[in-house]
Amino acid sequence: MNEFDLIQRLVPHLATNAGVVSGAGDDCAVLKPVEPGMYLLFKTDAVVEGVHFTPDTAPEAIGHKALGRCLSDVAAMAGLPLYAVVTLGLPPNFEVPRVEQIYTGLNRLARQHTVAVVGGETVASPERIFLSIALIGKVEMDKCVHRSGAKPGDALFVTGRLGGSLAGRHLDFEPRVTEARWLVEHFPPHAMIDLSDGLAGDLKHLLRASGVGAELLASAIPISRAARQRAKEPSGKTALAAALTDGEDFELLFTLNGAEAVPLLDRWKQRFPDTHLSCIGKITQIPGLRLRTKEGVRTLAENGYVHFA
Ligand SMILES: [Mg+2]
């Protein structure tokens, strides 16, 4: 099947929304401007066979993951996603049903978040499938949350449970768009980031941007079942180390005034009973990242790794 025929098959099924004047099929997508008082958010992210998924990965999960990564970043700014374009790299002799299923997963997640898929292109790729997505979103100017706003005394929160994502969850995670929008309405975070590189690494990005430090309470860090499971393997890292350093969690990490911690946990439990929220530590004036355990306080190494006896 040639590129033109493939596109003809995919286009009628693309997710759309009320902002689209005309989507895929013209030289550019034509989109309505966002409302006054809004910033545009603009993001690109790619998944590559052999790096982010394998030849055995369910194709719908590939499409889900590719868009989900971009949505997670929009969530981290407390934004709403709007429009996506897709660049799809296909090796020779690609299987048409597999490509259609990739788009099924992508369109399904797009519809869940009212995102319109408004075009893109296919390109030849020598050996491996890749999928690059560019996404536009919007956020109220006074609600946009940056990494740089954390203040000493802030409480530090994380959604979900961490670690062991590569055992499966990295393919079907739910980007926390709704949760982030609820937060800015009710408990505006001072700073926020989504977890793609691992808790310790991404927290360091936030601390550096904010010019502060943090102390994590080891016993408060929410550890996923997959991380606990893997820790039982002889060569596996400890479950806590996995929660601190494994990537691809796609959870939200944010800070807000310490006095709001208890009311937030209370209201969150009512609003999102199925999504864990943990207060895992505090922001400090002293720079660097420290971990408090039963044995005392230790500094986490610059690369985010910590060696546990
Ligand atoms: Mg991010």
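All values derive from a computational prediction rather than experimental measurement.

1. What about the pattern of salt bridges?
Link 1 in the chain: Tallied over the full model, the rule gives 16 salt bridges.
Link 2 in the chain: A salt bridge links R292 to E215; the nearest nitrogen and oxygen atoms lie 2.6 Å apart. Residue R292 is located in strand β12 (residues 288–293), and its partner E215 is located in strand β9 (residues 213–217); the two are separated by 77 residues in the primary sequence.
Link 3 in the chain: Between R230 and D246 there is a salt bridge; the shortest N-O distance is 3.3 Å. Of this pair, R230 sits in helix α7 (residues 225–231) while D246 sits in the loop between α8 (239–245) and β10 (252–257), and the two are 16 residues apart along the sequence.
Link 4 in the chain: You can call R230 partly exposed: its relative accessible area is 27%.

2. Examining the pairing of strand β7 (residues 154–159)
Link 1 in the chain: Burial analysis of β7 places 6 of its 6 residues in the buried class, which makes it a mostly covered element.
Link 2 in the chain: The alternating pattern of β7 places D154, L156 and V158 and A155, F157 and T159 on opposite faces, both of which are buried.
Link 3 in the chain: As defined by bridge partners, β7 adjoins β10 across 5 bridges and the pair is classed as antiparallel. The residue of β10 that forms the bridge with A155 is L256.

3. Here we look at the nonpolar core
Link 1 in the chain: Core analysis: the biggest nonpolar cluster contains 53 residues, and L67, L131, F254 and L264 have the highest contact counts within it.
Link 2 in the chain: Ignoring any residue separated from it by four or fewer positions in sequence, one finds L131 in contact with D45, A46, V47, I62, G63, A66, V86, T87, L88, I102 and L106.
Link 3 in the chain: The next biggest cluster of nonpolar side chains, apart from the first, holds 30 residues, and it includes L156, V158, L162 and A239.

4. Considerations on the coordination of the magnesium ion
Link 1 in the chain: Only D73 (OD) and D194 (OD) from the protein coordinate the magnesium ion, and they sit 2.0 to 2.1 Å from it. In this pair, D73 is assigned in helix α2 (residues 59–76) and D194 in strand β8 (residues 191–194), connecting sequence segments 121 residues apart.

5. Re the pairing of strand β11 (residues 277–284)
Link 1 in the chain: Most of β11 sits inside the fold, with 6 of its 8 residues counted as buried.
Link 2 in the chain: For β7 and β11, the ladder comprises 5 bridges, and the chain directions are antiparallel. Counterpart to F157 in the pairing with β11 is C279.
Link 3 in the chain: Where β9 lies against β11, 4 bridges are found, and the strand directions are antiparallel. Paired with L216 across the two strands is G281, which belongs to β11.

6. Here's the deal with the packing of aromatic side chains
Link 1 in the chain: Counted by the stated rule, this structure contains 6 aromatic pairs.
Link 2 in the chain: Consider the rings of W182 and F187, whose centres lie 5.8 Å apart with planes at 40 degrees: the pair is tilted.
Link 3 in the chain: W182 sits in the buried class, given a relative accessible area of 9%.
Link 4 in the chain: Each ring, one from W182 and one from F272, has its centre 5.6 Å from the other, and the planes form 85 degrees; the classification is edge-to-face. Here the residue W182 occupies a position in helix α5 (residues 177–186), and F272 occupies one in the loop between α9 (261–271) and β11, the gap between them amounting to 90 residues.

7. A short note on the sheet that holds strand β13 (residues 296–299)
Each strand in a sheet pairs with another by means of backbone hydrogen bonds, the pair being arranged parallel or else antiparallel.
Link 1 in the chain: Across the sheet, which stays open at both edges, the 7 strands sit in the order β8-β10-β7-β11-β9-β12-β13 with mixed pairing between neighbours. Each having just a single partner strand, β8 and β13 make up the two edges of the open sheet. Mean inter-strand twist for the sheet, computed between neighbouring axes without regard to direction, equals 25 degrees.
Link 2 in the chain: The strands touched by α2 are β8 and β10; relative to β8, the strand with the most contacts, the crossing angle is about 175 degrees.

8. What about the side chain of D154?
Link 1 in the chain: In this fold, D154 is placed in strand β7.
Link 2 in the chain: There is no salt bridge for the buried D154, and the closest opposite charge comes from K151, which lies 5.8 Å off by N-O distance.
Link 3 in the chain: A polar atom in the side chain of D154 sits 2.8 Å from the side chain of H190.
Link 4 in the chain: Look past the residues within four positions of D154 in its chain and what remains in contact with it is G149, H190, T255, L256, N257, G258, G281, K282 and I283.

Here is what the cut-offs are and how they apply
Residues numbered from 1 in each chain as written. Predicted model: local features only at pLDDT ≥ 70, side-chain atom pairs only at ≥ 80, totals over all residues. Heavy atoms only, no water. Salt bridge = Lys/Arg side-chain N within 4 Å of Asp/Glu carboxyl O. Helix = DSSP H or I, 4+ residues; strand = E, 2+ residues; numbered from the N terminus. Buried < 20%, exposed > 50% of the residue type's maximum accessible area, 1.4 Å probe, protein only. Pairing = 2+ DSSP bridges. Core = buried A, V, L, I, M, F, W, Y, C linked by side-chain atoms within 4.5 Å. Contact = heavy atoms within 4.5 Å. Donors = N, O, S within 2.8 Å, 3.2 Å for Na, K, Ca; no water. Phe/Tyr/Trp six-rings, centres within 6.5 Å; stacked < 30°, edge-to-face > 60°. Axes fitted to C-alpha atoms, helices over the stretch in contact; angles between N-to-C directions. Lys, Arg positive; Asp, Glu negative; His and termini not counted. Polar contact = N/O pair within 3.5 Å; in protein donor to acceptor, adjacent residues only side chain to side chain.

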